[in-house]
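# Residue-level structural notes
If you want the building blocks of each chain, they are given just below.
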Amino acid sequence: MPTLPTTHVDTPLDRPAKLLLGLTGALLALLVLNLALFDDLRIDPSAGVLETFTKPQHLSSLVAVFIAAALVAFKHRSAARVALAVAWIEIAAFAFFHAVPVEVGPSKPYWGAGMGDALQWVGLLSIIAVSVAIVRVARRSPKLPVSPVAASVQS
């Protein structure tokens, strides 16, 4: 008797995990685009690629989002909590560094004398919007599905 090909049907638990993975991937891409296209490398002609990407604040953001995305991809039991924490940190960091209209310490506000252009604002608002979406999805699904290997270890 011939067998019919099986297709994978999304379960309700798969959808938030896939959405969270897509959003963390989008946030990582936006952070890279922000450095390369929207802000740093485009605005400062003296900035080098390696120098820009290895600044502590940039590197820590990239690594944190990458770790969150990896945890979501491998369905780690803490993935949603880590993604939630990283998203809140990104919201706070970008709000402090660019959305506060006063220059404080290393901040580079897009208001007033240091007026940001349209691409800088697109980058800022996109990163904050995706981070807010991560917060919403992660809050709705605090317990993403646990992989079978992890489930067998917990039993």
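What counts, and at which threshold
Residues numbered from 1 in each chain as written. Predicted model: local features only at pLDDT ≥ 70, side-chain atom pairs only at ≥ 80, totals over all residues. Heavy atoms only, no water. Helix = DSSP H or I, 4+ residues; strand = E, 2+ residues; numbered from the N terminus. Expected span 1.5 Å × (residues − 1). Buried < 20%, exposed > 50% of the residue type's maximum accessible area, 1.4 Å probe, protein only. Contact = heavy atoms within 4.5 Å. Axes fitted to C-alpha atoms, helices over the stretch in contact; angles between N-to-C directions. Parallel < 35°, antiparallel > 145°, perpendicular 65-115°, else oblique. Left-handed = near helix turned anticlockwise from the far one by under 90°. Nonpolar A, V, L, I, M, F, W, Y, C, P; charged D, E, K, R; others polar.

It is worth spelling out helix α1 (residues 14-38) at this point. With 25 residues, α1 extends 33 Å between its outermost C-alpha atoms, agreeing within 8% with the 36 Å of an ideal straight helix rising 1.5 Å per residue. Three or more residues of α1 are buried, namely Asp 14, Ala 17, Leu 20, Leu 23, Thr 24, Leu 27, Leu 30, Leu 31, Asn 34, Leu 35 and Phe 38. The elements touched by buried residues of α1 are α2 (40-43), α3 (49-53), α4 (56-73), α5 (79-99) and α6 (118-140).

Quick look at the packing of α4 against α5 now. Interhelical geometry of α4 versus α5 gives an angle of 155° and a closest axis separation of 8 Å. If you check the angle between α4 and α5, you find them roughly antiparallel. Handedness of the crossing formed by α4 with α5: left-handed. When α4 is examined against α5, the residues Ser 61, Ala 64, Val 65, Ala 68, Leu 71 and Val 72 are found in contact with a partner set consisting of Ala 79, Val 82, Ala 83, Val 86 and Glu 90. When the residues that make up the contact of α4 with α5 are grouped by side-chain class, the tally is nine nonpolar, one polar and one charged.

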